[in-house]
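Given next are the chains, with one letter for each unit.
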Amino acid sequence: MRIASDAAETETLLAAVPAGQRVAVVDARFVGHAHALRLGLTDPRFAASAVPGAVSAKPEARAGLTRALRTATGGNGGGSTTAVEALADHIAEAIEAEGQDVHRPDLGTLVATVPSDPQARNEARQAVAAVDEEAVRLRTAVKSRDGFFTTYCISPYSRHIARWCARRGLTPNQVTTASLLTALIAAGCAATGTRGGFVAAGLLLLFSFVLDCTDGQLARYSLQYSTLGAWLDATFDRAKEYAYYAGLALGAARGGDDVWALALGAMVLQTCRHVVDFSFNEANADSIAATANTSPTAALSDKLDSVGWTVWVRRMIVLPIGERWAMIAVLTAVTTPRITLTVLIIGCALAACYTTAGRVLRSLTRKATRTDRAAQALADLADNGPLASAFAALKPAGLSLPAPVIAFVGGAVIVCVAAFTSYGSPWVVVAAVIYVVTSGLALARPLKGPLDWLVPPFFRVAEYGTVLVLAVNADVNGALPAAFGLVAAVAYHHYDTVYRIKGGTGAPPHWLVRAIGGQEGRVLVVALAAALLHNTDFTVALTALAVAVALVVLVESIRFWVTAHKRGAPAVHDEGEPA
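Residues numbered from 1 in each chain as written. Predicted model: local features only at pLDDT ≥ 70, side-chain atom pairs only at ≥ 80, totals over all residues. Heavy atoms only, no water.

Caption draft 1: Representation of unusual backbone geometry. For Leu 319, which is not glycine, the phi dihedral falls at a positive 50°. Following the sequence through the fold, Leu 319 ends up in the loop between helix H14 (308-317) and helix H15 (321-334). Residue Asp 383 is not a glycine yet carries a positive backbone phi of 65°. Inspection of the secondary structure assignment puts Asp 383 in the loop between helix H17 (372-382) and helix H18 (386-394). On the basis of relative accessibility, which here comes to 4%, the residue Asp 383 falls in the buried class. (Helix = DSSP H or I, 4+ residues; strand = E, 2+ residues; numbered from the N terminus. Buried < 20%, exposed > 50% of the residue type's maximum accessible area, 1.4 Å probe, protein only.)

Caption draft 2: Structural view of a nonpolar patch on the surface. A surface patch of nonpolar side chains, amounting to about 340 Å² of accessible area, comprises Leu 401, Val 405, Phe 408 and Val 409. Secondary-structure assignment places Phe 408 in helix H19 (residues 403-420). (Patch = residues over 30% accessible without salt bridge, like charges linked within 9 Å, V, L, I, M, F, W, Y side chains within 5 Å. Areas by Shrake-Rupley, 256 points an atom, 1.4 Å probe, with all protein chains shown as cover. Salt bridge = Lys/Arg side-chain N within 4 Å of Asp/Glu carboxyl O.)

Caption draft 3: A look at the packing of helix H10 (residues 195-222) against H15. Across the interface, H10 lies against H15 with an axial gap of 7 Å and an inter-helix angle of 165°. The orientation of H10 with respect to H15, classified from their angle, is roughly antiparallel. At the point where H10 passes H15, the crossing takes the left-handed sense. Taken together, the residues of H15 that come into contact with H10 (itself represented by Arg 195, Phe 198, Val 199, Ala 201, Gly 202, Leu 205, Leu 206, Ser 208, Phe 209 and Asp 212) are Ile 321, Gly 322, Trp 325, Ala 326, Ile 328, Ala 329, Thr 332, Ala 333 and Val 334. Counted by class, the contact of H10 with H15 contains 13 nonpolar, four polar and two charged residues. (Axes fitted to C-alpha atoms, helices over the stretch in contact; angles between N-to-C directions. Parallel < 35°, antiparallel > 145°, perpendicular 65-115°, else oblique. Left-handed = near helix turned anticlockwise from the far one by under 90°. Contact = heavy atoms within 4.5 Å. Nonpolar A, V, L, I, M, F, W, Y, C, P; charged D, E, K, R; others polar.)

Caption draft 4: The arrangement of the sheet that holds strand S4 (residues 54-57) in detail. Taken together, three strands build an open sheet; the order of strands is S1-S4-S3 and the sheet is antiparallel. Each edge of the open sheet carries a strand with a single partner, namely strand S1 (23-26) and strand S3 (48-51). Between one strand axis and the next, the sheet turns by 10° as a mean value, whatever way the strands run. Here S3 runs beside S4; their pairing, made up of four bridges, is antiparallel. Bridge pairing in S4 links Ala 48 to Ala 57. (Pairing = 2+ DSSP bridges.)

Caption draft 5: Examining the environment of Val 55 more closely. Looking at where Val 55 falls in the secondary structure, it is placed in strand S4. Along the chain, Val 55 and Ala 412 lie 357 residues apart, while their C-alpha atoms are 56 Å from each other.

Caption draft 6: Molecular detail of the state of the cysteines. Per the stated rule, a full pass over the model turns up zero disulfides. Considering cysteine sulfurs only, Cys 348 is the nearest to Cys 272, which forms no disulfide, with 11 Å between them. Cysteine Cys 348 is unpaired, with the sulfur of Cys 353 as its nearest cysteine sulfur at 11 Å. For Cys 348, a relative accessible area of 2% corresponds to the buried category. (Disulfide = S-S within 2.5 Å.)

Caption draft 7: Representation of the pairing of S1. Only one face of S1 is covered, namely the face carrying Val 23 and Val 25; the face carrying Ala 24 and Val 26 is uncovered. Two strands pair when backbone bridges link them, and S1 and S4 are joined in this way by four bridges, in the antiparallel orientation. Each residue of the ladder has a partner; that of Ala 24, found in S4, is Ser 56.

Caption draft 8: How the structure looks around the pattern of salt bridges. Going through the model one piece at a time under the given rule, you end up with 21 salt bridges. The closest approach of N and O atoms between Asp 27 and Arg 29, which form a salt bridge, is 3.1 Å. When its relative accessible area of 12% is taken as the criterion, Asp 27 is described as buried. Judged by relative accessible area, Arg 29 falls into the partly exposed class, the value being 30%. With a closest N to O distance of 2.3 Å, Asp 277 and Arg 359 form a salt bridge. Here Asp 277, found in helix H12 (residues 260-284), pairs with Arg 359, found in helix H16 (residues 337-365); they are 82 residues apart in sequence, far enough to count as distant.

Caption draft 9: Focus on the nonpolar core. If you look at the biggest cluster of nonpolar residues, it comprises 108 residues, and the most contacted ones within it are Tyr 245, Leu 264, Leu 341, Ile 414, Phe 459, Phe 484 and Phe 538. Counting residues per element, this core draws most heavily on helix H22 (residues 479-502), which supplies 15 residues. Among residues more than four places away in sequence, those in contact with Leu 341 are Tyr 245, Leu 248, Val 259, Leu 262, Ala 263 and Ala 266. (Core = buried A, V, L, I, M, F, W, Y, C linked by side-chain atoms within 4.5 Å.)

Written as structure tokens, this is what we have:
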């Protein structure tokens, strides 16, 4: 901390700070809570931020702060008396005048002010003493919007665990890793196939979820956000849940029950639910609305929001992660893996129908123009490879069918042919070729239609569904576990794509998409393997493809996220899983 006597000295002291460090200017008369200053000066997610009497800038915003300092003081280093007395606030206003975003956190009941006279200072100090800063800090560590189970059964005590971790110097990434390890142990317990193992698995899964809530609360409590942490938090949730499905399948197999198809079906359904959420949100994140959304669906939703209990019911209907994991844990402990996975699939299917139907209705009645960025995000989520891209480049003039219709027809053809023909049928290859063509035609035009956000989900259903059906038809030990591994590897790639887009860093590089074939290329390869190889060799082919995809995707993903902070990638943390 350095004390400056005037604006000129402030500029000199700031210039002496190494360019790679964050700096802050705080009015010497500032009165307020320490956590108000934390929110304004130390949140790593924002290049520049401010509260009354204080402003801070990360290295990428340092130049803007320097220019703003000169502007705020009249450009002569001394400036007017008024400017010098309220220097921090004037700097924040000047930064915004240049077009740079300045984050101004919602302080709620926290106090941050610069008193102008002794009476105001005394009143400010009384206001500070009247607010329990630690209680506010604990309360705001919890997500403002969460599921019923998480809100009432986890967060009341997990926030205290987060504070305990913060006081002992633990980081959110360490807690995230502990949550992953706990879930993997839970999956191992489920794989034992014993009742004791199932009970232990259910309890450990719940404890893993407690830690999963704690890591985010710790990040908010101590403002320890990071790009790497955002990636770990997002991907580990998927890894934990899908590893647990595999554990249930292994446990069932020990008891003589083969539920790999159910485990794979649950993973496919859950992944497709997520891509519906991501596609819809990306399509509408920055759409230019012509008029307000006055659809009956939106009106009914607004009306229901005024009735408190309906809000919780609707949040529970979509089976968010808290309710879903609680259901899985309880069913694992008291029933069988088959029952657990069957109930899970039914629940997720109903939730998917509910959310997708509502979004379709909203999209059909909403008057809005989709931006080029949103259309490009949908194209990136589609994950088309070189084969489909070649057909998309043809841009057939007579093509008038909407993109979702083309994607749906192509997907329906390949999945239905795979399901209703015997293993090894050459018709699967024909259907796969048709699917390659339709995948390209679906992206022949920019995805700016009201329902074009359905294209990526249709592709995911087609690819994952084809692998599932062909593995079932192979009817040989090992085919379904191999298919599970392949879908898991590909799903990771798709989640990685989502979180790169959400973080504003763009989709994975084109070479990566080409290297793993694109979604249509993988469908064609799997179809050819099923048509040309014996069922045992087909299992080997699926395993080899799963390993190859996983290696390429994981190496590139880890390299990208570990070094993302060097490229200025923002720490975009998931503030609530919609599904």
